[in-house]
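One-letter residues, chain by chain:
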Amino acid sequence: MALIAIGGSVGAGLFIGSGAVIQTAGPAAVVSYVLAGALVFFTLRALGEMVVAVPTGGSFSDHARLAFGPRGGFAIGWLYWWMYAVLVAAESTAGAAILAQWVALPGWALALLVLVSMTVANLISVRVFAETESFFSLVKVATIVAFLVVGVLWSLGLWTGSDAPGVSNLFAQGGFVPQGWVAVLAATVVVLFSFGGVEIITVAAGESAEPERGVASAVTNVLWRIGLFYVASILVVVMVLPWQSVDPGYSPFVAVMDRVGIPGAALIMEIVVFIAVLSVLNAAMYTSSRMLFMLTRQGDAPRVLSGTNRRGVPVRAILLGTVVGYVAVVVEYVFPDQVFPFLVSSIGAILLVLFITICASQLVLGARVRRLQPHRLTLRMWAFPYLTWVVLAGLVTIGVSMAFLPDQRQALWATLGSVAVVLVAYELRRRLGAGEPSAVALAVPGRASTDVLRLGADPEEARRQDRQAGEAEQGGAGSG
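Residues numbered from 1 in each chain as written. Predicted model: local features only at pLDDT ≥ 70, side-chain atom pairs only at ≥ 80, totals over all residues. Heavy atoms only, no water.

Participant: Give a description of the overall build of the protein chain that names residues and reports values.
Facilitator: Helices and strands together make up the secondary structure of the protein chain, namely 20 helices and zero strands. Out of the 480 residues belonging to the protein chain, those deemed buried represent 52%. Sequence-distant contacts, at least 24 apart, represent 80% of the contacts inside the protein chain between residues at least 6 apart. Accessible surface computed for the protein chain: about 19700 Å², of which carbon and sulfur atoms make up 67%. (Helix = DSSP H or I, 4+ residues; strand = E, 2+ residues; numbered from the N terminus. Buried < 20%, exposed > 50% of the residue type's maximum accessible area, 1.4 Å probe, protein only. Contact = heavy atoms within 4.5 Å. Areas by Shrake-Rupley, 256 points an atom, 1.4 Å probe, with all protein chains shown as cover.)

This is the structure in structure tokens:
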């Protein structure tokens, strides 16, 4: 599960997109990554508390359903599905652009090849998905570790040909914060979206043999991974390279390897970036299909999509999740080189909406669990509710900031439009759909029911269950 979290979050946003962040904030880009990483880490901790204490088949979609009612679960579930369905298309297009450097085929044909290959891998079984994602993640981890070792040795003068810059590049060109702290905060907005994917572990937990232990371990260890893969990597880049020399359109990782003198650095990093694209595509396809499958179980999506094969793979949900990708292939054929930018902008800031929803849900459910069933809290959010409020305020601040940043304004409006669409869709589902929208979370086999924690549930029933759980624990301790 830890490798799945890495696979979903370490992609082209780090290997390529970090160049634009460095150009915006200078060496202080490291601070931008620290700030964004802290927000993501604490959000994941809040989510981890809910996953362990309030086990549901629909993860954060069901947590929103329990906290705010069916509308909340419906809205965030469909927004999340749309984000990853579009990401499937976007990563297919990005993978095709890399392949085009090596294979003399049209971009649409290469995108189709990438999409079909990963679709087949996901259709076979969840084990194939996990093993494929683990391999991709190991390649990325090994690359980043090697990059850090080489970069540090170069900076310290321990690499042949090094001029031993040490930390001088951090302060040489206008100081550590050459563009001002406003630029650092603006870069933080961009950086936040490169962390998308860490929440996938909670979606995958339902198919894990030990969901509680797996999620708790992944949440606990994600901080050092964020530090190693993001913060340390960016620190090495700005130590080796003068920040003004970083080209936003060129991978700073490749630039560092060129500076150090690694032969074939450009080709090596292109291969790694291609693997990173496949990894994110693989994770996106898995995640979109599982969220859609959960929505069908709640009656919020056509039940015809809920069918699984004998290996438990939701085939129809996977195929529908790739439809956006196949449409993108057709559009790429008709309008070459115009698909990828449009797709990326169309999913806007949905990740920010997700993180805000997670924190808001945890504030509501966290208080409810602490009041009614405190024995469930085996993994706690620190300093509840104060830290959750701080994180929520930080996320809302980023959302407000996007309205004042020209490069981010379109993404914000696109996301708000998406939210409006799903809310209208919910009203149509409520009035025209078969049956009332469900306020009950999906049950997890072998785990205690969460019905007593839903919005409007009977608190006396919750206290009765809590007393029974306490008596059962005492009985177990006495028999031991």
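Participant: Quick rundown of the side chain of Thr 415? Include the residues and the values.
Facilitator: Of note, Thr 415 is situated in helix 19 (residues 406-432). Thr 415 has contacts with Ile 347, Gly 348, Ala 349, Ile 350 and Val 353, leaving out every residue within four places of it along the chain.

Participant: Can you tell me about the pattern of salt bridges, naming the residues and giving the values?
Facilitator: Pairing is possible between side chains of opposite charge, provided their charged atoms come close. Tallied over the entire structure, the rule returns eight salt bridges. Between Glu 49 and Arg 370 there is a salt bridge; the shortest N-O distance is 2.9 Å. Remark: Arg 370 occurs in helix 17 (residues 350-372) and Glu 49 occurs in helix 4 (residues 29-53); sequence separation between them is 321 residues. Across the salt bridge formed by Glu 427 and Arg 431, the nearest N and O atoms sit 4.0 Å from each other. Here Glu 427 and its partner Arg 431 are both found in helix 19, four residues apart, which amounts to about one turn of the helix. When salt bridges that share partners are traced, they join Asp 62, Arg 65, Asp 300 and Arg 429 into one network. (Salt bridge = Lys/Arg side-chain N within 4 Å of Asp/Glu carboxyl O.)

Participant: For the packing of aromatic side chains, give the residues involved together with the corresponding values.
Facilitator: Aromatic rings considered in pairs are described by the distance between their centres and by the relative angle of their planes. The final tally for this structure, using the stated rule, is 16 aromatic pairs. When the ring of Phe 41 is compared with that of Phe 42, the centres are 5.4 Å apart and the planes differ by 55°; the resulting orientation is tilted. By relative accessible area, which is 23% here, Phe 42 ends up partly exposed. Look at Phe 42 and Trp 382: their rings are 6.1 Å apart centre to centre, the planes differ by 90°, and that puts the pair in the edge-to-face class. (Phe/Tyr/Trp six-rings, centres within 6.5 Å; stacked < 30°, edge-to-face > 60°.)

Participant: Tell me what's going on with helix 13 (residues 265-297), and back it up with residues and numbers.
Facilitator: For an α-helix, 3.6 residues make a turn, and residues three or four places apart therefore share a direction. Helix length check: helix 13 (33 residues) gives 48 Å between terminal C-alpha atoms against 48 Å at 1.5 Å per residue, within 8%. The element helix 13 is extensively covered by neighbouring structure, given that 26 of its 33 residues are classed as buried. Following helix 13 by one or two positions, Gly 299 adopts a phi angle in the positive range, close to 80°. (Expected span 1.5 Å × (residues − 1).)

Participant: Lay out helix 18 (residues 386-402) in plain terms, naming residues and giving numbers.
Facilitator: Along its 17 residues, helix 18 runs 25 Å from first to last C-alpha, staying within 8% of the 24 Å computed at 1.5 Å per residue. Those residues of helix 18 that fall on the buried side of the exposure criterion are Leu 387, Thr 388, Val 391, Leu 392, Leu 395, Ile 398, Gly 399 and Met 402. The buried residues of helix 18 occupy one face: seen down the axis, they fall within an arc of 140°. Every exposed residue of helix 18 that faces more than 90 degrees away from the buried side is listed here: Tyr 386, Trp 389 and Val 390. Of the surrounding elements, those touching the buried residues of helix 18 are helix 4, helix 9 (181-192), helix 17 and helix 19. (Arc of directions from axis to C-beta.)

Participant: Break down the confidence of the model for the protein chain for me, citing the residues and quoting the values.
Facilitator: Residue-level pLDDT values for the protein chain average 84, and 88% of them are 70 or greater. Throughout residues 476-480 the model reports pLDDT below 50, and contacts reaching past four residues in sequence, or to other chains, amount to zero contacts. (pLDDT = per-residue confidence, 0-100.)

Participant: Break down the environment of Glu 133 for me, citing the residues and quoting the values.
Facilitator: Mapped onto the elements of the fold, Glu 133 is located in helix 8 (residues 126-155). Since its relative accessible area comes to 0%, Glu 133 is described here as buried. Along the chain, Glu 133 and Leu 278 lie 145 residues apart, while their C-alpha atoms are 8.9 Å from each other.

Participant: Please give an account of the packing of helix 6 (residues 70-99) against helix 17 that cites residues and values.
Facilitator: Running from N to C, helix 6 and helix 17 point in directions that differ by 145°, and their axes come no closer than 10 Å. Here helix 6 runs over helix 17; the crossing is left-handed. On the side of helix 6, the interface is formed by Ile 76, Leu 79, Tyr 80, Trp 82 and Met 83, while helix 17 contributes Ile 350, Leu 351, Val 353, Leu 354 and Thr 357. Split by residue class, the contact of helix 6 with helix 17 holds nine nonpolar, one polar and no charged. (Axes fitted to C-alpha atoms, helices over the stretch in contact; angles between N-to-C directions. Left-handed = near helix turned anticlockwise from the far one by under 90°. Nonpolar A, V, L, I, M, F, W, Y, C, P; charged D, E, K, R; others polar.)

Participant: Would you mind going over unusual backbone geometry in detail, with residue names and values included?
Facilitator: Residue Phe 384 is joined to Pro 385 through a cis peptide bond whose omega torsion reads 0°. Residue position: Pro 385 is located in the loop between helix 17 and helix 18. Of note in this structure, Ser 59 is not a glycine but carries a positive phi near 50°. Relative to the helices and strands, Ser 59 is located in helix 5 (residues 59-68). We note that Ala 164 has phi near 50°; this positive angle belongs to a residue other than glycine. Among the secondary structure elements, Ala 164 is positioned in the loop between helix 8 and helix 9. When its relative accessible area of 42% is taken as the criterion, Ala 164 is described as partly exposed.

Participant: Which residues make up a nonpolar patch on the surface, and what values go with them?
Facilitator: A grouping of Trp 108, Leu 112, Val 116, Val 120, Ile 124, Val 323, Val 327, Val 330, Val 331, Tyr 333, Val 334 and Phe 335 is seen on the molecular surface, where their side chains present a nonpolar patch of about 1000 Å² in accessible area. Elements with a contribution of two residues or more to the nonpolar patch: helix 7 (107-124) and helix 15 (323-334). At six residues, the largest contribution of residues to the nonpolar patch is made by helix 15. Take Phe 335: it is sitting in the loop between helix 15 and helix 16 (339-346). Judged by relative accessible area, which is 44%, Phe 335 ranks as partly exposed. (Patch = residues over 30% accessible without salt bridge, like charges linked within 9 Å, V, L, I, M, F, W, Y side chains within 5 Å.)

Participant: Can you lay out the packing of helix 4 against helix 9 for me, pointing to particular residues and giving the numbers?
Facilitator: The relative placement of two packed helices is expressed as an angle between their axes plus a distance between the axes. Close contact between helix 4 and helix 9 brings their axes to 8 Å; oriented N to C, the two are set at 45°. It follows from the interaxial angle that helix 4 and helix 9 lie oblique. As for how helix 4 packs across helix 9, the hand of that crossing is right-handed. Between helix 4 and helix 9, the residues in contact are Val 31, Ser 32, Tyr 33, Leu 35, Ala 36 and Val 40 and Trp 181, Val 184, Leu 185, Ala 187, Thr 188, Val 191 and Leu 192, respectively. Here the residues of the contact of helix 4 with helix 9 sort into 11 nonpolar, two polar and no charged. (Parallel < 35°, antiparallel > 145°, perpendicular 65-115°, else oblique.)

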